[in-house]
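Observations on the three-dimensional arrangement
Next come the chains, spelled out residue by residue.
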Amino acid sequence: MNRIEQMTIPEWISIPSNPIQRNTERRAKRATNNHLKVSEQTHQRVSMCVLPDGRKFKLDGHTRAYLWQSKNLIPNFDFLYVDVYYVSDIEEAKRVYNLFDNQAAVETAKDKVSGFFRELGFSPKSQWLIDGSITSALTIAVGSSSNLNDNINKFINEIIIIDNYCIKNVMSGMVAAMLLTTKKRGETAMAFFKEYQDGNGEKDKSGSCPVQALTESINILRAAKKIQGVSGQTLVCSKAVSACEAYLAGRRYTTSIKSTDIKLYRS
């Protein structure tokens, strides 16, 4: 972002939609029953991008513009605050739009998690659970993101157990491994992850303990930039599950950790 400017609502409406904006009318129907049902101060802020040739495109606020223009279903403001982003070409305009759109989806999912926790009467202590940051881990553990509430219900007992250990700064793949191993082996599995978080790995002539082996394995994957995205975090999960099982069985490693087939482990 390079600057903030003010626009009237008619001026904002006149800014073209982003070239890859989804179905605004469909989104508007959902929004009027959810986040745009009541006017909020945050609705006064929008974002756009500007190309070198002066062309402008919305980055967000498409739904609000649609409702202001055609439905008059949400209260107007005297002016809007517009965050202005300067981009190099139309492809970057699309890419930045996707960043905004994906972030909105993430925030919506987090809100749903927090709301469902409240519905279940569960008040987590861990900050990442308070923030609702468990959706990716659940997707890896279950193998599907189709029904968030069902996924939470499937692992709510394990989520409560994990929360009691106040695990911090964890990757989604590691959380997925905690969910899977705790469901399969019970709370005893969390002893391994607590040791891992505390950095209690050790190595001697007989080999590496599972905590040390996993620490080294994750460091290698991180250095090779192989932990990004769902596929990377699924790999983290598969390594962590293997190491946890070795820990529970009292085994040591003389070679690198082999990945557990998560699809088979879920059954």
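In this report, we go over the structure that sits alongside the text.

Some remarks on the packing of helix α8 (residues 172–185) against helix α11 (residues 229–249)
Running from N to C, α8 and α11 point in directions that differ by 40°, and their axes come no closer than 8 Å. Here α8 is positioned oblique relative to α11, judged by the angle of their axes. Two packed elements cross with a definite hand, and for α8 against α11 that hand is right-handed. Counting all contacts with α8, which are made through S172, G173, M174, A176, A177, L180, T181 and R185, the residues of α11 involved are Q233, V236, C237, A240, V241, C244, E245 and L248. Classifying every residue of the contact of α8 with α11 by side-chain character gives 10 nonpolar, four polar and two charged.

Focus: the side chain of S217
With respect to the helices, strands and loops of the structure, S217 is situated in helix α10 (residues 210–223). Assessed through its relative accessible area of 10%, S217 is described here as buried. The residues contacting S217, other than those within four sequence positions of it, are K239 and I257.

As for the sheet that holds strand β4 (residues 80–86)
An order of β1-β4-β2-β3 is seen for the four strands of this open sheet, with the pairing classed as mixed. Each of the sheet's edge strands pairs with one partner strand only, and the pair in question is β1 (3–7) and β3 (56–58). Sheet twist, expressed as the mean angle between neighbouring strand axes with direction ignored, is 35°. Relative to β4, strand β2 (residues 45–50) runs parallel, the two sharing six bridges. By the bridge assignment, V46 is partnered in β4 with V82.

A closer look at the packing of aromatic side chains
For the structure shown, the criterion picks out four aromatic pairs. Consider the rings of F79 and Y81, whose centres lie 5.2 Å apart with planes at 85°: the pair is edge-to-face. A centroid spacing of 5.0 Å and a plane angle of 80° characterise the contact between F117 and F122, whose relative ring orientation is edge-to-face. Residues F117 and F122 agree in their burial class; the two are buried. Sitting above the plane of the W12 ring, K58 keeps its charged end 5.3 Å from the centroid.

Parameters at a glance
Residues numbered from 1 in each chain as written. Predicted model: local features only at pLDDT ≥ 70, side-chain atom pairs only at ≥ 80, totals over all residues. Heavy atoms only, no water. Axes fitted to C-alpha atoms, helices over the stretch in contact; angles between N-to-C directions. Helix = DSSP H or I, 4+ residues; strand = E, 2+ residues; numbered from the N terminus. Parallel < 35°, antiparallel > 145°, perpendicular 65-115°, else oblique. Left-handed = near helix turned anticlockwise from the far one by under 90°. Contact = heavy atoms within 4.5 Å. Nonpolar A, V, L, I, M, F, W, Y, C, P; charged D, E, K, R; others polar. Buried < 20%, exposed > 50% of the residue type's maximum accessible area, 1.4 Å probe, protein only. Pairing = 2+ DSSP bridges. Phe/Tyr/Trp six-rings, centres within 6.5 Å; stacked < 30°, edge-to-face > 60°. Lys NZ or Arg CZ within 6 Å of the ring centre and 35° of its normal.

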